[in-house]
Amino acid sequence: MRFFGVALAAATLAVAHPAAAQDGRLVGGWGGALEVQALKLRLTLTVADSAGTLTARFVSVDQDGSAFPAIVTVNGDSVSFQVPQILARYRAVLVGRDSLRGEWVQGAGTLPLTMVRGADAGMVVRRPQLPQPPFPYREEQVAVQSVPGVRLAGTLTLPPGDGPHPAVVLVSGSGPQDRDETLLGHKPFLVLADYLTRRGIAVLRLDDRGVGASTGSFAAGTSEDFARDAAAAVLWLRARPEVADDRVGIVGHSEGGLIAPLVASRTPEVAFLVLLAGPGIPSAELLVMQGALISRAGGDADAEVQRTSALQRELFAAIAATADSAALHARMREIGARFQASLTPEERAQGGLSDGAMNAAINTLISPWYRWFLRYNPAPALRATRVPVLAINGSLDLQVPADENLAGIQRALAEGGNRDVTAEKLPGLNHLFQTARTGAPSEYAEIEETFSPAALRRIGDWIVQRVGPRP
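Residues numbered from 1 in each chain as written. Predicted model: local features only at pLDDT ≥ 70, side-chain atom pairs only at ≥ 80, totals over all residues. Heavy atoms only, no water.

**Q** When you look at the overall build of the protein chain in this model, what are you seeing that I'm missing?
**A** A tally of regular secondary structure across the protein chain gives 12 helices and 16 strands. Relative to the 2.2 N^0.38 estimate, which gives 23 Å for 471 residues, the radius of gyration of the protein chain is 24 Å and therefore close to what a compact globule would have. Along the first, second and third principal axes, the C-alpha atoms of the protein chain reach 75 × 55 × 45 Å. When burial is assessed residue by residue, the protein chain has 53% of its 471 residues classed as buried. In the protein chain, once contacts between residues fewer than 6 apart in sequence are set aside, the share between residues at least 24 apart is 65%. For the protein chain, the distance from the average site of its 44 positive side-chain charges to the average site of its 47 negative ones is 2 Å. (Helix = DSSP H or I, 4+ residues; strand = E, 2+ residues; numbered from the N terminus. Rg over C-alpha atoms; globule rule 2.2 N^0.38 Å. Buried < 20%, exposed > 50% of the residue type's maximum accessible area, 1.4 Å probe, protein only. Contact = heavy atoms within 4.5 Å. Lys, Arg positive; Asp, Glu negative; His and termini not counted. Charge placed at Lys NZ, Arg CZ, Asp CG, Glu CD.)

**Q** Where do I start with the packing of helix 2 (residues 223-238) against helix 3 (residues 255-266) in this structure?
**A** If you want to describe how two helices pack, look at the angle between their axes and the distance between the axes. Close contact between helix 2 and helix 3 brings their axes to 9 Å; oriented N to C, the two are set at 65 degrees. The crossing of helix 2 and helix 3 is right-handed. Every residue of helix 3 that contacts helix 2 at Ser223, Glu224, Phe226, Ala227, Ala230 and Ala231 is listed here: Glu255, Leu258, Ile259, Leu262, Val263 and Arg266. Taken together, the residues of the contact of helix 2 with helix 3 break down into 8 nonpolar, 1 polar and 3 charged. (Axes fitted to C-alpha atoms, helices over the stretch in contact; angles between N-to-C directions. Left-handed = near helix turned anticlockwise from the far one by under 90°. Nonpolar A, V, L, I, M, F, W, Y, C, P; charged D, E, K, R; others polar.)

**Q** Please explain the pattern of salt bridges as it appears in this structure.
**A** Pairing between side chains becomes possible if they bear opposite charge and their charged atoms approach one another. The tally for this structure, following the rule as stated, stands at 26 salt bridges. Close ionic contact of aspartate 207 with arginine 179 constitutes a salt bridge, the shortest N to O distance being 2.9 Å. Remark: arginine 179 occurs in the loop between strand 11 (165-171) and helix 1 (188-198) and aspartate 207 occurs in the loop between strand 12 (202-206) and helix 2; sequence separation between them is 28 residues. With respect to burial, aspartate 207 and arginine 179 carry one shared label: buried. Notably, a salt bridge pairs aspartate 246 with arginine 247, separated by 4.0 Å at the nearest N-O pair. Residue arginine 247 is classed as buried on the basis of its relative accessible area, which comes to 6%. Overlapping salt bridges, with partners in common, bring together Glu314, Arg331, Glu334 and Arg338 in one network. (Salt bridge = Lys/Arg side-chain N within 4 Å of Asp/Glu carboxyl O.)

**Q** What is the right way to read the packing of aromatic side chains from this model?
**A** Per the stated rule, a full pass over the model turns up 11 aromatic pairs. Measuring from centroid to centroid gives 5.2 Å for phenylalanine 135 and tyrosine 137, while their planes differ by 5 degrees, and the two rings are stacked. Taking the relative accessible area as the measure of exposure, tyrosine 137 reaches 10% and is therefore buried. For the ring pair phenylalanine 433 and phenylalanine 451, a centre distance of 5.8 Å and an interplane angle of 10 degrees mean the geometry is stacked. With a gap of 18 residues between them, phenylalanine 433 in the loop between strand 16 (421-426) and helix 12 (453-467) and phenylalanine 451 in the loop between strand 16 and helix 12 connect regions that are remote in the sequence. The pair phenylalanine 433 / phenylalanine 451 is uniform in exposure class, with both members buried. The structure contains a cluster of three or more aromatic residues connected by ring pairs, namely Phe58, Phe81, Tyr90 and Trp104. (Phe/Tyr/Trp six-rings, centres within 6.5 Å; stacked < 30°, edge-to-face > 60°.)

**Q** What should I look at first to understand the pairing of strand 9 (residues 138-145) in this one?
**A** The side chains of a regular strand alternate, first on one face of the sheet and then on the other. Here 8 bridges tie strand 9 to strand 10 (residues 151-158), and the two strands are oriented antiparallel to one another. Across the sheet, glutamine 145 pairs through a bridge with arginine 151, a residue of strand 10. (Pairing = 2+ DSSP bridges.)

**Q** Would you mind showing me how to read the sheet that holds strand 7 (residues 99-106) here?
**A** Note: strands within a sheet are paired through backbone hydrogen bonds, in either parallel or antiparallel orientation. Judged by pairing direction, the barrel is antiparallel, and its 8 strands sit side by side in the order 1-2-3-4-5-6-7-8 before closing back on the first. Averaged over all neighbouring strand pairs, the angle between strand axes comes to 30 degrees, with direction disregarded. Taken together, the 5 bridges between strand 4 (residues 66-75) and strand 5 (residues 78-83) define a ladder with antiparallel strand orientation. Its bridge partner being in strand 5, valine 72 is matched across the sheet by phenylalanine 81.

**Q** When you look at the side chain of aspartate 180 in this model, what are you seeing that I'm missing?
**A** Examined against the element boundaries, aspartate 180 turns out to sit in the loop between strand 11 and helix 1. Among the residues examined, aspartate 180 registers a relative accessible area of 11% and is labelled buried. A distance of 2.7 Å separates a polar atom in the side chain of aspartate 180 from a polar atom in the side chain of arginine 205. Ignoring any residue separated from it by four or fewer positions in sequence, one finds aspartate 180 in contact with Lys187, Pro188, Phe189, Leu190 and Arg205. (Polar contact = N/O pair within 3.5 Å; in protein donor to acceptor, adjacent residues only side chain to side chain.)

Here's what the structure looks like:
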């Protein structure tokens, strides 16, 4: 899930002065959506006349309703909204009275954005599964010491009674995640923790290093570092008097499903694993497959998909073969420039990258996390995993496709002699385990369901069957 969102980067904003209200053409509510790769992020814009001066506020509907004030400047039909809080700017032209057509500029990226008057009214996010207090269990804010300089903040939920209770550590997918794995208004780990705790299972969920109240640097970390954090969380949880120290497992989602076997293969204290859309094939192969599936779901022609897949393979091969960062950056620019030159003028206008955007993309690909991830094959850690494993995927998962990855997980575990393995493909579910239509990431925000009740039951039933609760 690392590709979600628009990267925030430092940028120099021109000094702007508040605009006079003029004829009030902009006053009112507006709505539109940014399309970030395969993801749609809805925005509302409210413009008001405050004592003769225009004021404005953007709300990111699908990102917890975060609100950002904007400075408005107007020149005829051209208008600019600067958003200093997130280093962004919306430049648009007022078309008639009911449409703003322009570009959203943030960091090195530029995206088209059309906003329509009154469209904000229908942009209501409903997340009916989000748990509401009072809860029939205890909740405690905690901190877990990992490696030096990394202290992980989180929430421990404990079933009623003294225990000892079986317990799990939740390990999130890729990208900087908070303890609830918050995405587009959904909080999958909050929903999962609530469900499991009501089933008699203690749950520890943590902000990633460098996220929320946790210390350390996320940007400098790799999955290897995050595995150390997860191992520290397991040992911390086992030491709690309310927890049965021989019944502590890991539930990992997406990249968390890659990290969980890494921890279990090295940490004998782990009692079981639940892999939610966990990778079972080499990472470089997985990313090419993921990109092709999402592109096709977005309507790209086969020729375009194949061309992009070929570019990915060339980039990934360069990363695998080049250790020196400066040499790798130069090689990546060469590959990117050659790809850009192969585009028609129309393709370049629609999907070409500016130099700044290309540099930003290259810097992401040569980051410590990507370089580690692209070289990683999950098979050795899975072969070394001896504990019971439940691996589940949704049949509509386009990010970690079910058939190939479940087969890879089963094969590697069998090669290592692990016979306590349950692998299941759950029909109609996407990468987030939502009931979906196509599985495309563009649906994630539109779906009200956060976590399929059928998937929750399968996870809870399997854990209870393996490790309790016991009297």
